Amino acid sequence: MTTVAALVPYLSGALAAGGVAVAATRRRELMVRWCVWALGVPLVTAAFWLGPPGIAVLAAVVGVVAVTEFSGLLQLGPVDRAVLGAAIVGLVLTAWLAPGEVLRVTAAGALAIAGVPLLSGDAEHGLRRLGAGLLGLVWLGILAGLVSSGALGLVLFVSVSIADIVAYAAGRRLGGPQLSPLSPAKRWSGTLAGAAAGLLTLAALSSLTWQTAVAVAVGGPLGDLLESMVKRGVRAKDAGRWLPGSGGILDRIDSLLVALAVLLVLG
């Protein structure tokens, strides 16, 4: 298993190579996207370098932003957003400070989320609010699993990111059968090419096991489709607009969340 320190040369080299490739295309959209990666990757790496405290802070911040985007997509009100955000942050902090209490805190979060529409007597939209809140808790609460993941969490993030990029490029170039009606632009050719790239990344980083392979090759694409289902359900193209050329934070972590969930189940 590799360490965070051992990952730094690989990440630096990948960013440099990506910068050269993007500059060669002269496409402004790709250049902007690369700049976002050039700023974000060092911050994420530094958080993982600090261990559980750094990862917990990173996961909590990402969780709050993700809850904001998710609540906007599902049109949740301020109270629903606040309770869901508190539940996610509580889960992350519990995973850091009292990992044995994660199940208890998850149950408490679910009860709090259910209590908001129940106590307000919302017969018209209560079921929708309850379903959206519980989905957010299960989906975004997976971030708590990063706290104890160590360097493997960073490896997983790198692997699914590379798999996503390769899947996008290969699918456009190779074409072929559609992966799912949930995401008409995605092709099986791209998904298989992306999975191969993700597995090669795991191997290069000395982290290839059957569990990580399934997480990246299966969990990653399923996470992408899950977010596509949510966005198509509300007719939205991106979860947010604050990351130039990259949409929102949910658009960046959708594959990671389900890949991490698969790894936690298999591990």
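Residues numbered from 1 in each chain as written. Predicted model: local features only at pLDDT ≥ 70, side-chain atom pairs only at ≥ 80, totals over all residues. Heavy atoms only, no water.

This part is about the overall build of the protein. Looking only at helices and strands, the protein has 10 helices and two strands in total. Reading the helices (α) and strands (β) of the protein from amino to carboxyl end gives α-α-α-α-α-α-α-β-β-α-α-α. Its C-alpha radius of gyration of 19 Å places the protein within 12% of the 18 Å reference for a compact globule of 267 residues. For the protein, the spread of C-alpha atoms along the three principal axes comes to 55 × 40 × 30 Å. Of the contacts made within the protein by residues no fewer than 6 positions apart, 69% connect residues no fewer than 24 positions apart. As displayed, the protein has an accessible area near 13,400 Å², and 71% of this comes from carbon and sulfur atoms. (Helix = DSSP H or I, 4+ residues; strand = E, 2+ residues; numbered from the N terminus. Rg over C-alpha atoms; globule rule 2.2 N^0.38 Å. Contact = heavy atoms within 4.5 Å. Areas by Shrake-Rupley, 256 points an atom, 1.4 Å probe, with all protein chains shown as cover.)

For R129, the location among the structural elements is in helix α6 (residues 126–140). Classification of R129 by relative accessible area gives buried; the value is 13%. A polar atom in the side chain of R129 sits 2.8 Å from the side chain of D122. Those residues in contact with R129 that lie beyond four places of it in its chain are L76, D80, V116, P117, S120 and D122. (Buried < 20%, exposed > 50% of the residue type's maximum accessible area, 1.4 Å probe, protein only. Polar contact = N/O pair within 3.5 Å; in protein donor to acceptor, adjacent residues only side chain to side chain.)

Contact geometry of helix α1 (residues 4–25) with helix α7 (residues 151–174) gives a least axis separation of 10 Å together with a crossing angle of 20 degrees. When the axis of α1 is compared with that of α7, the two are roughly parallel. For the pair α1 and α7, the crossing hand works out as left-handed. Of the residues in α7, those in contact with V4, L7 and L11 of α1 are A151, L154, V155 and V158. Of the residues in the contact of α1 with α7, the class split is seven nonpolar, no polar and no charged. (Axes fitted to C-alpha atoms, helices over the stretch in contact; angles between N-to-C directions. Parallel < 35°, antiparallel > 145°, perpendicular 65-115°, else oblique. Left-handed = near helix turned anticlockwise from the far one by under 90°. Nonpolar A, V, L, I, M, F, W, Y, C, P; charged D, E, K, R; others polar.)

The subject of this paragraph is the pattern of salt bridges. Under the definition given, this model contains six salt bridges. Residues R104 and E101 are paired through a salt bridge, measuring 2.6 Å at the closest nitrogen-oxygen approach. Since its relative accessible area comes to 62%, R104 is described here as exposed. Between D122 and R129 there is a salt bridge, with its nearest N and O atoms 2.8 Å apart. (Salt bridge = Lys/Arg side-chain N within 4 Å of Asp/Glu carboxyl O.)

Residues L93, W96 and L97 make up a contiguous nonpolar surface patch of about 290 Å² in total accessible area. For L97, the location among the structural elements is in helix α4 (residues 78–97). By relative accessible area, L97 is classed as exposed at 60%. (Patch = residues over 30% accessible without salt bridge, like charges linked within 9 Å, V, L, I, M, F, W, Y side chains within 5 Å.)

Turning our attention to the nonpolar core. One finds F70, L140, L154, L156, L250 and I253 to be the most contacted residues of the largest nonpolar core, which totals 60 residues. Among all residues touching F70, those that are not within four sequence positions of it are L76, L84, A132, L135, G136, W139, L140 and L250. (Core = buried A, V, L, I, M, F, W, Y, C linked by side-chain atoms within 4.5 Å.)

Another aspect to go through is the environment of G223. If you trace the backbone, G223 turns up in helix α9 (residues 210–233). Put simply, G223 and E101 are 122 residues apart on the chain and 26 Å apart in space, counted from C-alpha to C-alpha. With sequence-adjacent residues up to four places away left out, G223 is seen in contact with D254, S255 and V258.

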